[in-house]
2 protein chains.
Amino acid sequence: MSKRIAGPEIERLIQLLAKVPGLGPRSARRAALHLIKKKDQLLSPLALAMGEAVAKVRVCSCCGNVDTSDPCTICTDPRRDPATLIVVEDVSDLWALERAAALNVRYHVLGGTLSPLDGIRPEDLNITSLVSRVAEGGISEVILAVNATVEGQTTAHYITDQLSGLEVKVTRLAHGVPVGGELDYLDEGTLTAALKSRTVF
Amino acid sequence: MSKRIAGPEIERLIQLLAKVPGLGPRSARRAALHLIKKKDQLLSPLALAMGEAVAKVRVCSCCGNVDTSDPCTICTDPRRDPATLIVVEDVSDLWALERAAALNVRYHVLGGTLSPLDGIRPEDLNITSLVSRVAEGGISEVILAVNATVEGQTTAHYITDQLSGLEVKVTRLAHGVPVGGELDYLDEGTLTAALKSRTVF
Ligand SMILES: [Zn+2]
Ligand SMILES: [Zn+2]
């Protein structure tokens, strides 16, 4: 807005809300107005919840996840199988796998992928802590759930090398046709991989 | 999520974010994760901005707008023409008109429309304060920018009656074809109104 139509606190709230993924500048304005009108029911509890999160959020010293406790909720969950570890690049991948809820296991968050071009070296990722975790024993399988990108695969190879001396099975996600996916929209690499890994019907 | 994958503070943050217009349950989760990862750059400033808004937001005693000062930014803006008043149902209408930036004037926010079915009577709206404001003098035109609904029009008629003894011109928004609008998508009422109010080309 070129003209000031509200106090600086409201303008600032709109500016910050516009940076939240899912909200643009226009939705931010609508969201701000809604929050202001629902001050007691929504704005005030949200301000408190955010303040709590700011005060409590930390990185899990065991797995690299972000949570409000250390070790995190997942690392301390006694109902999870401690023998299988899923290695992911980012916390968002961990959340995505948890939504799929396919396996009730624990994770290790790398915090990125190896990328010589971007100057990201092994020591910049949580790889040493992964090797230590596996070396401590009790883990029989490490599933490398990294992205199917060049960097992801480079990282997967590097980790496999680092774990090669240890008694652990290293697996990776299957390549194939996405569920609901149409063949003629898929790239050749995926189709070739899906053919190679074909299963009995 | 059926399974707990993060601490209660993060679950609560997701729940509250899901109530923000523009964010659904899924976007709320993505937004929460982004906020947590950008704790210092985004989450913390946003928590502060919301806390500030909670502490300072109030209803303008002059016009019924919400702002962080009373009288509000608009009522105290010396560059606005004080002789014209736009009457709106809601603060969101005020913001919409300000985005259009067609007139540099002041407002009066009714806080709703007359609706006998919902039990909303004249004394539930900011109508008495509007009449007093006009009676004090200095206002030559009141523009009724209420919605083109039955309730909006009933409210407009009621206000016109209340202002009838005072020296003020009461006008309303023109009906017509929306800019960029296609005729065959428009209802008959709008088309009839647009024909009646036709202008020389
Ligand atoms: Zn953890
Ligand atoms: Zn005001």
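Residues numbered from 1 in each chain as written. Chains lettered and ligands numbered in written order. Predicted model: local features only at pLDDT ≥ 70, side-chain atom pairs only at ≥ 80, totals over all residues. Heavy atoms only, no water.

Chain A is annotated in an unreviewed UniProt entry as Recombination protein RecR from Aquamicrobium zhengzhouense. Of chain A, the UniProt comment under Function (unreviewed entry) reads exactly: "May play a role in DNA repair. It seems to be involved in an RecBC-independent recombinational process of DNA repair. It may act with RecF and RecO." What UniProt records for chain A under Sequence similarities (unreviewed entry) is the sentence "Belongs to the RecR family." (UniProt positions renumbered as here; feature names shortened; annotations may be inferred.)

A. Representation of the interface of chain B and chain A within the structure. Listed per partner, the contact involves 55 residues of chain B and 55 residues of chain A. Note on chain B versus chain A: buried area summed over both sides is about 5400 Å², and carbon and sulfur give 73% of it. For the chain B face of the interface with chain A, the top three residues by lost area are Ile 5, Met 50 and Trp 95 of chain B, together amounting to 14%. Our count for the chain B to chain A interface comes out at four salt bridges. With a shortest N-O distance of 2.6 Å, Lys 37 of chain B and Asp 90 of chain A are connected by a salt bridge. (Contact = heavy atoms within 4.5 Å. Buried area = accessible area lost by both parts, 1.4 Å probe. Salt bridge = Lys/Arg side-chain N within 4 Å of Asp/Glu carboxyl O.)

B. Broad picture of the side chain of Asp 93 of chain A. Here Asp 93 of chain A shows up in helix H4 (residues 91-100). Buried charged residue Asp 93 of chain A carries no salt bridge. Nearest counter-charge: Lys 37 of chain B, at 7.9 Å. Apart from the residues lying within four places of it in its own chain, the contact partners of Asp 93 of chain A are Val 88 and Asn 147 of chain A. (Helix = DSSP H or I, 4+ residues; strand = E, 2+ residues; numbered from the N terminus. Buried < 20%, exposed > 50% of the residue type's maximum accessible area, 1.4 Å probe, protein only. Lys, Arg positive; Asp, Glu negative; His and termini not counted.)

C. Examining the relation of the copies chain B and chain A more closely. By a simple turn and slide, chain B fits onto chain A: the slide is 0.1 Å along the axis, the RMSD is 0.1 Å, and the turn is 180°. On this basis, the relationship between the two copies can be described by a two-fold rotation axis. Rotation axis and chain B: the residue whose C-alpha lies nearest the axis is Ala 47 of chain B, separated from it by 2.5 Å. (Least-squares fit on C-alpha atoms with pLDDT ≥ 70 in both.)

D. Seen up close, the coordination of the zinc ion (ligand 2). Residue and element names in this part refer to chain B. Ligation of the zinc ion (ligand 2) by protein atoms is provided by Cys 60 (SG), Cys 63 (SG), Cys 72 (SG) and Cys 75 (SG), these donors lying 2.3 to 2.4 Å from the ion. Each of the four donor atoms around the zinc ion (ligand 2) contributes to a set of angles spanning 102 to 117°, which defines the coordination as tetrahedral. Written as a sequence motif, the donor residues of the zinc ion (ligand 2) are C-x2-C-x8-C-x2-C. What makes Cys 72 buried here is its relative accessible area of 0%. (Donors = N, O, S within 2.8 Å, 3.2 Å for Na, K, Ca; no water. Tetrahedral: all angles 85-135°; square planar, octahedral: opposite > 155°, others 65-115°.)

E. Focus on unusual backbone geometry. The linkage connecting Asp 70 of chain A with the following residue, Pro 71 of chain A, adopts the cis geometry, with an omega of 0°. By the element assignment, Pro 71 of chain A lies in the loop between strand S2 (66-67) and strand S3 (81-88).

F. Examining the sheet that holds strand S6 (residues 169-172) of chain B more closely. Residues and elements named next belong to chain B. One open sheet holds the four strands; their spatial order is S4-S3-S5-S6, and the pairing between them is parallel. Strands at the two margins of the open sheet, each flanked by one partner only, are strand S4 (105-109) and S6. On average, each strand axis in the sheet is tilted by 25° relative to the strand beside it, whichever way the strands run. Running over the sheet, helix H4 (residues 91-100) touches strand S3 (81-88) and S4 and is turned about 160° from S4. (Pairing = 2+ DSSP bridges. Axes fitted to C-alpha atoms, helices over the stretch in contact; angles between N-to-C directions.)

G. How the structure looks around the nonpolar core. The biggest cluster of nonpolar side chains holds 78 residues, and the ones touching the most others in it are Leu 17, Leu 46 and Met 50 of chain A together with Leu 17, Leu 46 and Met 50 of chain B. Not counting chain neighbours up to four residues away, the residues in contact with Leu 46 of chain A comprise Leu 35 of chain A together with Leu 13, Leu 16, Leu 17, Val 20 and Met 50 of chain B. (Core = buried A, V, L, I, M, F, W, Y, C linked by side-chain atoms within 4.5 Å.)

H. Main features of H4 of chain B. When we look at burial in H4 of chain B, the residues that qualify are Val 91, Asp 93, Leu 94, Trp 95 and Glu 98 of chain B. Close packing links the buried residues of H4 of chain B with helix H1 (8-17) and helix H2 (25-37) of chain A together with strand S2 (66-67), S3 and S4 of chain B. Put simply, Asp 90 of chain B is the residue that caps the front of H4 of chain B, since its side-chain oxygen is 2.8 Å from the backbone nitrogen of Ser 92 of chain B. Backbone geometry just downstream of H4 of chain B places Ala 101 of chain B in the positive-phi region, at approximately 55°. (Polar contact = N/O pair within 3.5 Å; in protein donor to acceptor, adjacent residues only side chain to side chain.)

I. Seen up close, the domain arrangement of chain A. Each assigned domain of chain A is listed with its residue range as follows: domain 1 (8-56) and domain 2 (66-200). Centre-to-centre, using C-alpha coordinates, domain 1 of chain A lies 35 Å away from domain 2 of chain A. (Domains from an automatic or database assignment.)

J. The pattern of salt bridges, seen in detail. Tallying each qualifying case throughout the model produces 16 salt bridges over all chains. Two residues, Arg 80 of chain A and Glu 98 of chain A, come together in a salt bridge whose shortest N-O distance is 2.9 Å. Taken together, the residues Arg 80 of chain A in the loop between S2 and S3 and Glu 98 of chain A in helix H4 connect sequence positions 18 residues apart. Relative accessible area serves as the criterion here: at 4%, Glu 98 of chain A is assigned to the buried category. With its nearest N and O atoms 3.7 Å apart, the salt bridge here joins Arg 121 of chain B to Glu 123 of chain B. In the salt-bridge network here, residues are joined through shared partners; they are Asp 77, Arg 79, Arg 80 and Glu 98 of chain A.

K. Spatial organisation of the environment of Val 109 of chain B. Residue and element names in this part refer to chain B. Mapped onto the secondary structure, Val 109 falls in strand S4. A relative accessible area of 3% means that Val 109 is categorised as buried. For Val 109 and Val 88, which are 21 residues apart along the polypeptide, the C-alpha to C-alpha distance reads 5.1 Å. Not counting residues up to four positions away in its chain, the partners in contact with Val 109 are Cys 63, Gly 64, Asn 65, Val 88, Glu 89, Asp 90, Val 91, Leu 94 and Asn 126.

L. Just the side chain of Arg 80 of chain B, in detail. Taking the relative accessible area as the measure of exposure, Arg 80 of chain B reaches 2% and is therefore buried. A distance of 2.8 Å separates a polar atom in the side chain of Arg 80 of chain B from the backbone oxygen of Val 105 of chain B. Apart from residues lying up to four places away in sequence, Arg 80 of chain B is in contact with Lys 3, Arg 4 and Ile 5 of chain A together with Ile 74, Glu 98, Asn 104, Val 105, Arg 106 and Tyr 107 of chain B.

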